[in-house]
Amino acid sequence: MKKYIILFFVLGCASNLKEEAELGDAPEKMLQKIEDVTPPAPPKIEAVTSKVVSKKSSKKSTSKKTSETKIVPHKSVAGFVEKWPFSVGEKVTYIVRYGPIEGGKASMEVAPVKKLDGEVVLHYIARVRSHKFFDLFYKVDDTLQTWVRMKDHLPLRQEISQNESGEWGRRVVIFNQKIKQQHFYSSTTRPKRETKVIDEKHTLYNNPQDMFGAYFFSRFVKNPKKITFPVHDRFKHWNNEYVFDGQEEIKTKAGTFLCNRYKVFTRVQGNLEPKGDALVWMTADDRRIMTKFNVKIRIGSITGDLVEYKPGSPWAWPIPEFATPLNLDPSKVVDNDT
């Protein structure tokens, strides 16, 4: 499970399902109202009127009015950038390899903004699908979705649909930000075994990100050489840290990019020993696009290389006023008094 958590964290892998009906529906108590929302108007503009003195007549000066425009900035939060590193419709696609073998494709995208139980939310979707040849050995067909609150980028809902070589299931997690509690539900089925159901509630500490939204959240951090913040997944709190490991030019099918290279360390609740078994390359510009990743597993490594990048369309939503703390002391990852 640990390798999948890290892979979801640095990539957010997921994909289209073969048979949605095979996975069953989430119970009614885990349903939430998700609806479309109309994008906001462009940012407010203040008109500034000034007088321009004409030099054509020395006897009697004349004046005319001109208008300048000034965009009212959104409130910034210390430690974070002040403009979006991505926009609606952004999509990245990777070739995923298991050692030297090309296993399949994975993608991540920023879907249109929604409303979830009345809250405006960002909607992130990831998909992974193994190649037909690789299906003979281990088939992967997964989809991961996360909805995070627009105003502060805190998660409100996560869904995972999994179909992997005879094992299929669904996970739904509801993050109740009012009472700081998550409700975790999962149902997993294996051949010739009883369906395993987990239905638990746990307290949230320090406004953590969920494992997929964490990638997008990291792109907002202002200092590219120091990125660390809390994440919550499967009843555990994590203190994730991107350790800057130098710059490198990465050549991909989507282009050549100057990138910051990071070692990703994860410190799990109850075990502060860092696990640095992942490398991530993110562009050294304002977009912070992940161009490459490498995750070590017991039998080798999983790597991903960017093959396609679609930037998406500009939008007028104000940037979130982030609530997740940066540079949190790992020993206080489950302390709400920090």
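Only a predicted model underlies this, so the values are computations on that prediction, with no experimental measurement involved.

## Observations regarding the overall build of the protein chain
Next, step 1: Of regular secondary structure, the protein chain possesses three helices and 18 strands.
Next, step 2: The contacts of the protein chain with a sequence gap of at least 6 include a subset with a gap of at least 24, amounting to 57%.
Next, step 3: By element, 50% of the accessible surface of the protein chain is carried by carbon and sulfur atoms, the whole surface being about 17,700 Å².

## Examining the side chain of Thr303
Next, step 1: Within the secondary structure, Thr303 sits in strand 18 (residues 300–310).
Next, step 2: Among the residues examined, Thr303 registers a relative accessible area of 14% and is labelled buried.
Next, step 3: Beyond its immediate chain neighbours, meaning those up to four positions away, Thr303 contacts Ile95, Val96, Arg97, Phe293 and Asn294.

## Examining the side chain of Asn260
Next, step 1: In this structure, Asn260 sits in strand 15 (residues 255–268).
Next, step 2: Since its relative accessible area comes to 5%, Asn260 is described here as buried.
Next, step 3: Here Gln247 takes part through its side chain, which lies 3.0 Å from a polar atom of the side chain of Asn260.
Next, step 4: The contact partners of Asn260, leaving out residues within four places of it in the chain, are Pro224, Phe244, Gly246, Gln247, Val280, Trp281, Met282, Thr283 and Ala284.

## Let's talk about the pattern of salt bridges
Next, step 1: Summed over all chains, the structure comprises 15 salt bridges.
Next, step 2: Notably, a salt bridge pairs Arg149 with Asp152, separated by 2.7 Å at the nearest N-O pair. This pair shows no difference in class: Arg149 is buried, exactly as Asp152 is.
Next, step 3: Glu159 serves as the salt-bridge partner of Arg157, at 2.9 Å between the closest nitrogen and oxygen. Side by side, Arg157 and Glu159 carry an identical accessibility label, which is buried.
Next, step 4: One network of salt bridges, with partners in common, ties together Arg97, Glu102 and Asp305.

## Describing the pairing of strand 4 (residues 91–98)
Next, step 1: The sheet contact formed by strand 4 and strand 5 (residues 101–116) spans eight bridges and is antiparallel. Bridging from a neighbouring strand, Thr93 pairs with Ser107 of strand 5.
Next, step 2: Hairpin geometry of strand 4 and strand 5 is characterised by an intervening segment of two residues between the two adjacent antiparallel strands and by a positive phi of about 65 degrees at Gly99.

## Description of the environment of Ser313
Next, step 1: Looking at the secondary structure, you find Ser313 in the segment after strand 18.
Next, step 2: Taking C-alpha positions, Ser313 is 5.7 Å from Val88, a pair spaced 225 residues apart along the chain.
Next, step 3: Leaving out residues up to four positions away in the same chain, Ser313 has contacts with Ser87 and Val88.

## Points about the packing of aromatic side chains
Next, step 1: Taken as a whole, this structure holds 19 aromatic pairs when the rule is applied.
Next, step 2: Seen in terms of ring centroids, Phe86 and Phe216 are 5.5 Å apart; in terms of plane orientation they differ by 75 degrees. Their pairing is edge-to-face. Of the two residues, Phe86 sits in the loop between strand 3 (63–71) and strand 4 while Phe216 sits in helix 3 (residues 213–218), which places them 130 residues apart along the sequence.
Next, step 3: Residue classification places Phe86 among the buried positions, given a relative accessible area of 4%.
Next, step 4: For the ring pair Phe86 and Phe220, a centre distance of 5.4 Å and an interplane angle of 70 degrees mean the geometry is edge-to-face. Taken as a pair, Phe86 in the loop between strand 3 and strand 4 and Phe220 in the loop between helix 3 and strand 13 (226–233) lie far apart in primary sequence, 134 residues in all. Like Phe86, the residue Phe220 is buried in the burial classification.

Reading the values: the criteria
- Residues numbered from 1 in each chain as written.
- Predicted model: local features only at pLDDT ≥ 70, side-chain atom pairs only at ≥ 80, totals over all residues.
- Heavy atoms only, no water.
- Helix = DSSP H or I, 4+ residues; strand = E, 2+ residues; numbered from the N terminus.
- Contact = heavy atoms within 4.5 Å.
- Areas by Shrake-Rupley, 256 points an atom, 1.4 Å probe, with all protein chains shown as cover.
- Buried < 20%, exposed > 50% of the residue type's maximum accessible area, 1.4 Å probe, protein only.
- Polar contact = N/O pair within 3.5 Å; in protein donor to acceptor, adjacent residues only side chain to side chain.
- Salt bridge = Lys/Arg side-chain N within 4 Å of Asp/Glu carboxyl O.
- Pairing = 2+ DSSP bridges.
- Phe/Tyr/Trp six-rings, centres within 6.5 Å; stacked < 30°, edge-to-face > 60°.

Taken by themselves, the reported measurements are silent on function.
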